[in-house]
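One letter stands for each residue in the lines below.
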Amino acid sequence: QVQLVESGGGLVQAGGSLRLSCAASGRTFSRYYMGWFRQAPEKEREFVAGISRSGGNTDYAGSVKGRFTISRDNAKNTVYLQMNSLKPEDTAVYYCAARGTYSGSYYWPNEYDYWGQGTQVTVSS
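Everything quoted here is computed from the prediction, not taken from an experiment. (Residues numbered from 1 in each chain as written. Predicted model: local features only at pLDDT ≥ 70, side-chain atom pairs only at ≥ 80, totals over all residues. Heavy atoms only, no water.)

Undergrad: Is there a simple way to think about the overall build of the protein in this case?
TA: Scanning the protein from terminus to terminus reveals 0 helices and 11 strands. Tracing the protein from N to C terminus, the helices and strands come up as β-β-β-β-β-β-β-β-β-β-β. Rg of the C-alpha trace for the protein: 13 Å, near the compact-globule value of 14 Å for 125 residues, within the 12% margin. Overall, the protein is about 40 × 25 × 25 Å in size when its C-alpha atoms are taken along their principal axes. Put simply, of all contacts in the protein between residues at least 6 apart along the chain, 58% involve residues at least 24 apart. Accessible area of the protein: about 6,600 Å², with a carbon and sulfur share of 44%. Counting 13 positive and 10 negative side-chain charges, the protein places the centres of these two groups 8 Å from one another. (Helix = DSSP H or I, 4+ residues; strand = E, 2+ residues; numbered from the N terminus. Rg over C-alpha atoms; globule rule 2.2 N^0.38 Å. Contact = heavy atoms within 4.5 Å. Areas by Shrake-Rupley, 256 points an atom, 1.4 Å probe, with all protein chains shown as cover. Lys, Arg positive; Asp, Glu negative; His and termini not counted. Charge placed at Lys NZ, Arg CZ, Asp CG, Glu CD.)

Undergrad: What should I look at first to understand the sheet that holds strand β3 (residues 18–24) in this one?
TA: In a beta sheet, neighbouring strands pair by backbone hydrogen bonds and run either parallel or antiparallel. On the basis of which strands lie adjacent, the open sheet formed by 4 strands has the order β1-β3-β8-β7 and antiparallel pairing. The two strands at the open ends of the sheet, each matched to only one other strand, are β1 (4–7) and β7 (68–73). Across this sheet, the average inter-strand angle for adjacent strands is 15 degrees, counted without regard to direction. Where β7 and strand β8 (residues 78–83) come together, 6 bridges link them in antiparallel fashion. Across the sheet, R72 pairs through a bridge with V79, a residue of β8. (Pairing = 2+ DSSP bridges. Axes fitted to C-alpha atoms, helices over the stretch in contact; angles between N-to-C directions.)

Undergrad: Honestly, the nonpolar core in this entry has me stumped. Any pointers?
TA: Of all hydrophobic cores here, the largest spans 36 residues; its most connected members are M34, W36, L81, M83 and Y94. Broken down by element, the residue count for this core peaks at 5 residues, all from strand β9 (residues 92–99). Here Y94 is in contact with E6, L20, W36, F37, R38, V48, F68, L81, M83, G118, T119 and V121, once residues within four sequence places are set aside. (Core = buried A, V, L, I, M, F, W, Y, C linked by side-chain atoms within 4.5 Å. Buried < 20%, exposed > 50% of the residue type's maximum accessible area, 1.4 Å probe, protein only.)

Undergrad: Quick question: what am I supposed to make of the pattern of salt bridges here?
TA: Any two side chains of opposite charge can pair, so long as their charged atoms come close to each other. If you walk through the whole model with that rule in mind, you get 4 salt bridges. Its salt-bridge partner being R38, residue E46 comes within 2.6 Å of it at the nearest N-O pair. Among the residues examined, E46 registers a relative accessible area of 34% and is labelled partly exposed. A relative accessible area of 5% places R38 in the buried class. Notably, a salt bridge pairs R99 with E111, separated by 2.6 Å at the nearest N-O pair. Residue R99 is found in strand β9, and its partner E111 is found in the loop between β9 and β10 (114–115); the two are separated by 12 residues along the sequence. (Salt bridge = Lys/Arg side-chain N within 4 Å of Asp/Glu carboxyl O.)

As structure tokens, this is what we get:
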């Protein structure tokens, strides 16, 4: 019931910042819990951040906590990932995802119902 399109990726130097956006279709965006995941070459897809329907609750992977901020604007049907103090280890394809229910954790990718196509983030040293 929802389509997701990521944007905002690109090439940035270590220590720099990027803001990713995920635009969602539909009239019921506020019903969905949202997450960001990333996948680097030769690595498994990993959880980055999650956010509740209202945006009042968030969760982050330990590797990005304090550097990344997830937020959403339900009026714009958009979820964001602000990435600061970027490191080369952050280089990956970043995906946004949506789920209609919350199990108590944002961590597991198989609990999400919809996925975007991804956007490439490359951090140079």
